[in-house]
Amino acid sequence: LVANIPPAAAAFMLRRCGQGSVPDILRPPPETIVMSIKRRRLVVGREETCNVVFRHPHVSKAHVLLVLQDSPEVSEGRILLIQDS
């Protein structure tokens, strides 16, 4: 999955750190998520419509939004913006 992504396209790769089971899970969590020009937004929360779903009382419906933006400081560079809800 990750090996076929050209370096210019894969701006950020998020990896799952914990290997234990996740209680009350709707679907298995992804091992990796690639944020690139083609996928600039990622929503994490407990709603089924989120890209990554966590069913936990401390997680809000749309808990966090990750947005990949072009960097104003680096030519062809990108930054990962994290917006907490």
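Within any chain, residue numbers begin from 1 and follow the written order of that chain's sequence. Given that this is a predicted model, residues contribute local features only at a pLDDT of at least 70 and side-chain atom pairs are listed and counted only at 80 or more, while totals for whole chains, interfaces and linings are drawn from all residues. Calculated side-chain values reflect all of the structure's heavy atoms, with hydrogen atoms and water omitted.

## Considering the environment of Ala62
1) Next: For helices the rule is a DSSP run of H or I covering at least 4 residues; for strands it is a run of E covering at least 2, with both sets numbered from the N terminus onward. Here Ala62 lies in the loop between β4 (52-53) and β5 (64-70).
2) Next: When the C-alpha atoms of Ala62 and Thr49 are compared, they prove to be 9.0 Å apart, with 13 residues separating the residues in sequence.
3) Next: For this analysis, residues touch if any pair of their heavy atoms sits within 4.5 Å. Apart from residues lying up to four places away in sequence, Ala62 is in contact with Val43, Val44, Gly45, Cys50 and Ser85.

## Some remarks on the nonpolar core
1) Next: What is meant by a nonpolar core is a set of buried Ala, Val, Leu, Ile, Met, Phe, Trp, Tyr and Cys residues, joined one to another through side-chain atoms within 4.5 Å. Using a 1.4 Å probe on the protein chains alone, a residue whose accessible area is under 20% of its type maximum counts as buried, one over 50% counts as exposed, and one in between counts as partly exposed. Of all hydrophobic cores here, the largest spans 8 residues; its members are Ile33, Met35, Leu42, Val44, Val52, Val64, Leu66 and Leu68.
2) Next: For this core, the secondary structure elements donating two or more residues are β2 (32-36), β3 (41-45) and β5.
3) Next: Considering every element that reaches this core, the biggest residue donor is β5, with 3 residues.
4) Next: Sequence-distant contacts of Val64, that is, excluding residues within four places in its chain, are made with Leu42, Val43, Val44, Ile82, Gln83 and Asp84.

## Some thoughts on the confidence of the model for the protein
1) Next: A residue's pLDDT is simply how confident the predictor is in it, with values from 0 to 100. Mean pLDDT for the protein: 77, with 75% of residues reaching 70 or above.
2) Next: Of all the helices and strands in the protein, strand β1 (residues 10-15) carries the lowest mean pLDDT, 76, while β3 carries the highest, 90.
3) Next: Within the model, pLDDT remains below 50 along residues 1-5, and this stretch shows 5 contacts once partners closer than five positions in the same chain are excluded.

## Some remarks on the environment of Ile33
1) Next: With respect to the element layout, Ile33 can be found in strand β2.
2) Next: Taking the C-alpha atoms as reference, Ile33 lies 6.6 Å from Arg15; in sequence the two are 18 residues apart.
3) Next: Among residues more than four places away in sequence, those in contact with Ile33 are Phe12, Met13, Leu14, Arg39, Leu42 and Val52.

## Side note on the sheet that holds β3
1) Next: Reading across the sheet, the 4 strands line up as β4-β3-β5-β6 and stay open at both edges, with mixed pairing between neighbours. At either end of the open sheet lies a strand with only one pairing partner, and these are β4 and β6 (78-84).
2) Next: When DSSP finds two or more bridges between two strands, those strands count as paired. In this structure, β3 lies alongside β4, joined through 2 bridges in parallel fashion. When the sheet's bridge partners are listed, Val44 is paired in β4 with Val52.

## Focus: the pattern of salt bridges
1) Next: Basic side-chain nitrogens of Lys or Arg form a salt bridge, by our definition, when they fall within 4 Å of a carboxyl oxygen of Asp or Glu. Using the criterion set out here, one finds 2 salt bridges in the structure.
2) Next: In this structure, the salt-bridge partner of Asp70 is Arg40, at a minimum N-O distance of 3.6 Å. Here Asp70, found in strand β5, pairs with Arg40, found in the loop between β2 and β3; they are 30 residues apart in sequence, far enough to count as distant.
3) Next: Residues Arg78 and Asp70 are paired through a salt bridge, measuring 3.9 Å at the closest nitrogen-oxygen approach.
4) Next: The network of salt bridges with shared partners includes Arg40, Asp70 and Arg78.

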